[in-house]
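# Working through the structure, step by step
Spelled out, the chains give:
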Number of protein chains: 2
Amino acid sequence: MDVSTELSAAGSATSEPLARAADLDAADPLASFRDRFVVAEPDLVYLDGNSLGRLPRATAERLTRVVGEEWGGELIRGWEHWIDEPRRVGDLIAPLIGAGPGEVVVSDSTTVNFYKLAAAALDARQGRRTIVTDRDNFPTDRYVLEGLARRNGLEIAWIDPDPVDGPTVDDVTAALAAHPGDVALLTLTHVNYRSAAIADMAAITAAAHDAGALVLWDLCHSAGAIEVDLEAAGVDVAVGCTYKYLNGGPGAPAFLYVRRSLQAELRNPIQGWFGQRDLFAMAQGYDPAPGIGQWLTGTTGVVAIAAVEEGVRLTAEAGIAAIRAKGVALTEFAIELVDGRLAALGCSVGSPRDADRRGDHVAIRHPDAKRLTGALIERGVLPDFREPDSIRFGLSPLTTSFTDVARGVAALESLLA
Amino acid sequence: MDVSTELSAAGSATSEPLARAADLDAADPLASFRDRFVVAEPDLVYLDGNSLGRLPRATAERLTRVVGEEWGGELIRGWEHWIDEPRRVGDLIAPLIGAGPGEVVVSDSTTVNFYKLAAAALDARQGRRTIVTDRDNFPTDRYVLEGLARRNGLEIAWIDPDPVDGPTVDDVTAALAAHPGDVALLTLTHVNYRSAAIADMAAITAAAHDAGALVLWDLCHSAGAIEVDLEAAGVDVAVGCTYKYLNGGPGAPAFLYVRRSLQAELRNPIQGWFGQRDLFAMAQGYDPAPGIGQWLTGTTGVVAIAAVEEGVRLTAEAGIAAIRAKGVALTEFAIELVDGRLAALGCSVGSPRDADRRGDHVAIRHPDAKRLTGALIERGVLPDFREPDSIRFGLSPLTTSFTDVARGVAALESLLA
């Protein structure tokens, strides 16, 4: 039984949210952006755009050109312009995260970028022996830190944050105070991947700086979803993903940010030829490129980075303020429906209720969340399950409608009733 | 003036090589493979397939499906099969390099893979303080080693090899003997990127093992071009590129090899979530996947790896023995023409004359090589210039014809005459 059938069967019980959703969709200034994406199954309720964003139509066309005309036609001559792509697409991402030109570059995966920046930060604070992060941080960040800590003989001071609200300034301050003068690096994810809690970037960064630590933020669930101002917050370094809200494609290359004033100090541990000052001279002796260029490593993935560019262009065209406004509206609507339709059926909201503290997804907690997620997927509603008990509704402002939210909640209501 | 016009102008002076090339092409058992690739400019003489291989027609079609149907249609559900791609494509590459199933994986760039394996090897030989490599090694390998040496307080013992013949067993033995019991890692490129010299993998690996060192081979100019037998040579770890002879596309993800018996001992320094035993459990504590899986780092680039698969499939279909046989014939023909037509005009062969010691490209040395390369490109012949004095003719057996070789040499002859 798919969602449409269920909604008809549920009748008036679900009609009010659907009618309200239709009104909200009609008033949505970003509604037309959905037509800029490939929507292969119009009835599918896709609530996982924060795990893999949809395919922009422009990307499909661009990739056909990049593959056929550039690789197939230009062959090696394509490098005359491909060589600029990592910096050029980085500069397109920069205004979305409050960075300046020459502070962002697209390269490698989030994991590899996180490793490069964390390792560089630890090298820049040699003698300090503690890394501060939180146990609810995204797994790849934690795993990379564990490897660096073991390799360098350091300790990780783990914050155990509230599962809904995420790490607070007080959590961070306490962790810093417990290791006076010894914290080399503080690193957190800006928007928690499970609860969507937004960490207080400015206050936490300031606290870490007061303690002499460098600060690395993971923007995977922030970039293209909420407004970020790295410069205003004084952030040192950051990484982020392009395959979620930036719609860059499965496993698309990631970005990294290094504050301009730190670019001469920090050093990429992976000294690759694309980070060399004069790449094609193939000279003796590594001589890092000035600025953000030294953070490149190996040969740029040309096809993949072209897809990132198209996704970022769509985001820039819509405007991050409008995207964020719709993200708030979508999540507010979802929470209202969870409270109104699902709370009596054993669900609770696992995301902050204050919109300013919440990213663009909503966690719906239920003891049977894993099985329910599987049942939703069978019925054409695609959220994500996150341990231990969250059904995660990812609400991508450029592609998710209010009707998607209402239908997703109605399907869950039907399963629980 | 393009090549065709020049050939007409040159008249009978070039007709003999062209006639011989036509005969060789007619007898070439791999000639039909050229039609499996996009050839946008039939008159272009492309001699840079060892820098960027041509676009297979199957790849263009496959990428349209991967982007439109898989990303666009399957959305997040695509991960049910995408997750297997790095190992699956690795297993397709394995027989081309003498590796077994579960010993090769596709991930990251050559540079990042080289870093992971070199760092792991150094960790496995702690207490030893020397890395042996050669000054003619490919730049990214040298740069990565310099970074690791600095970070770990190690020394690099540089071999200065003959510029044509590359590092020999004697060179390696001397370097090992100069640092008795202290060499942690010996690493060389199997086929030199400039001269095409093939290093004696088995003898050099054995010598390094006798000295207690681990051995890392760079197969960038070997994979898909010449026969490689990592297992017979007892190689520990290796990396290689897929965008040259394997035709995987500009900046395509690279592969890495870890000998099965070393897989439990060596540890990836970049502990990412794709190397975790149970990726989606998102559990506390990094627990490396068994076998080759731990060498993955971040999220797999799905579009890019699909292109690699198609390129590798074409290579496997042609068969590496047939590819190598044609590679020898192409380079023999090129050398014969350089000797016969260009030697009197100031050129010399900068590649080994023994076919068993030469990969699938030929270096043509001339004091004015840089300017000549530019002039050739203007005339529709695309070789590569390599410092200090080499015009490099890359001869890709699946796509380069003997006529391409004759036309390339004729164009250079015309420029020099």
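Residues numbered from 1 in each chain as written. Chains lettered and ligands numbered in written order. Predicted model: local features only at pLDDT ≥ 70, side-chain atom pairs only at ≥ 80, totals over all residues.

### Some points on unusual backbone geometry
Peptide bonds are, in most cases, trans, and in most cases residues other than glycine have a negative phi. Convention followed: Counting from the N terminus, the helices are DSSP H or I runs at least four residues long and the strands are E runs at least two residues long.
Following A:Glu387, the chain continues to A:Pro388 via a peptide bond in cis, the omega torsion being 0°. Locating A:Pro388 in the fold gives a position in the loop between β12 (384–386) and β13 (390–394). Residues other than glycine seldom take positive phi values, yet B:Asp108 does so here, at roughly 55°. Relative to the helices and strands, B:Asp108 resides in the loop between β2 (104–106) and α6 (110–124).

### Examining the sheet that holds strand β10 (residues 361–365) of chain B
All names here are of chain B. The test is simple: The pairing criterion is simple: DSSP has to find at least two bridges between the two strands. Our contact criterion uses C-beta atoms placed from the backbone: two residues qualify when those atoms are within 7 Å. Every axis corresponds to a line fitted to the C-alpha atoms, with the helix fit spanning only the stretch in contact, and the corresponding angles, defined between N-to-C directions, vary from 0 to 180 degrees.
The strand order across the open sheet built from four strands is β9-β10-β13-β12, with neighbouring strands paired in antiparallel fashion. The open sheet has two edge strands, β9 (348–349) and β12 (384–386), and neither has a second partner. Of the strand pairs in this sheet, β9 and β10 are connected by two bridges, and their pairing is antiparallel. The partner of serine 348 across the bridge, within β10, is arginine 365. Sheet contacts for helix α12 (residues 320–342): β9, β10 and β13 (390–394); angle to β10, the most-contacted strand, approximately 15°.

### Here we look at the sheet that holds strand β2 (residues 104–106) of chain A
Residues and elements named next belong to chain A. Taken together, seven strands build an open sheet; the order of strands is β2-β8-β7-β6-β5-β3-β4 and the sheet is mixed. Of all strands in the sheet, those with a lone pairing partner are β2 and β4 (155–159), marking the two edges. Each neighbouring strand pair of the sheet contributes to a mean axis angle of 20°, computed without reference to strand direction. Of the strand pairs in this sheet, β2 and strand β8 (residues 255–258) are connected by three bridges, and their pairing is antiparallel. Residue pairing in the sheet places valine 105 in a bridge with leucine 256 of β8. Contacts from helix α7 (residues 139–152) reach β3 (130–134), β4, β5 (183–189) and β6 (214–218), with the element oriented near 165° to β3.

### Things to note about the domain arrangement of chain A
Interfaces are often described in size by the accessible area the parts lose on coming together. All names here are of chain A. Quick reminder of the rule: Either an automatic procedure or a domain database provided the assignment from which the domain bounds are taken.
Considered domain by domain, chain A is made up of domain 1 (3–54 + 319–416) and domain 2 (84–241 + 254–299). Put simply, the middle of domain 1 and the middle of domain 2, counted by C-alpha atoms, are 31 Å apart. With 19 residues of domain 1 in contact, the opposing surface of domain 2 contributes 15 residues. Counting residues per element, the ones that place at least two in the side of domain 1 that touches domain 2 are α12 (320–342), β10 (361–365) and β13. It is α12 that contributes the most residues to the side of domain 1 that touches domain 2, five residues altogether.

### As for the packing of helix α11 (residues 302–318) of chain A against helix α11 (residues 302–318) of chain B
Formally: Oblique is the label for any angle not covered by the other classes, which are roughly parallel (under 35 degrees), roughly antiparallel (over 145) and roughly perpendicular (65 to 115). We call a crossing left-handed when the near helix sits turned anticlockwise from the far one by less than a right angle, and right-handed when that turn is clockwise. Asp, Glu, Lys and Arg are counted as charged, while Ala, Val, Leu, Ile, Met, Phe, Trp, Tyr, Cys and Pro are counted as nonpolar; the rest, among them Gly, fall into the polar class.
Contact geometry for α11(A) and α11(B): axes closest at 8 Å, N-to-C directions at 150°. Taken together, the axes of α11(A) and α11(B) are roughly antiparallel relative to one another. When the axes of α11(A) and α11(B) are compared, the crossing they make is right-handed. Every residue of α11(B) that contacts α11(A) at A:Val303, A:Ala304 and A:Ala307 is listed here: B:Val303, B:Ala304 and B:Ala307. Considered class by class, the residues forming the contact of α11(A) with α11(B) number six nonpolar, no polar and no charged.

### Structural notes on the nonpolar core
To keep it simple, the criterion reads: Only buried residues count toward a nonpolar core: Ala, Val, Leu, Ile, Met, Phe, Trp, Tyr and Cys, linked into one set through C-beta atoms within 7 Å. Exposed residues have 12 or fewer other C-beta atoms within 10 Å of their own C-beta, buried residues have 20 or more, and residues in between are partly exposed; the C-beta atoms are placed from the backbone.
If you look at the biggest cluster of nonpolar residues, it comprises 272 residues, and the most contacted ones within it are A:Ala118, A:Ala121, A:Ala334, B:Ala118, B:Ala121 and B:Ala334. With sequence-adjacent residues up to four places away left out, A:Ala334 is seen in contact with A:Val362, A:Phe393, A:Leu395, A:Val405 and A:Val409.

### Some words on helix α3 (residues 57–74) of chain A
Note the following rule: Under the convention used throughout, the expected extent of a helix is 1.5 Å for every residue step, that is, one less than its residue count. For a residue, the bend is simply the angle between two axes, fitted respectively to the seven-residue segment ending there and the seven-residue segment starting there.
Spanning 18 residues, α3(A) covers 24 Å between terminal C-alpha atoms, matching the ideal 26 Å at 1.5 Å per step. In α3(A), a bend of some 25° at A:Val66 exceeds every other bend along the element. Those residues of α3(A) that sit buried are A:Thr59, A:Leu63, A:Val66, A:Val67, A:Glu70, A:Trp71 and A:Gly72. In this structure, the buried residues of α3(A) make contact with α11 of chain A together with α3 (57–74) of chain B. A:Leu75 lies just past α3(A) and shows a positive phi near 55°.

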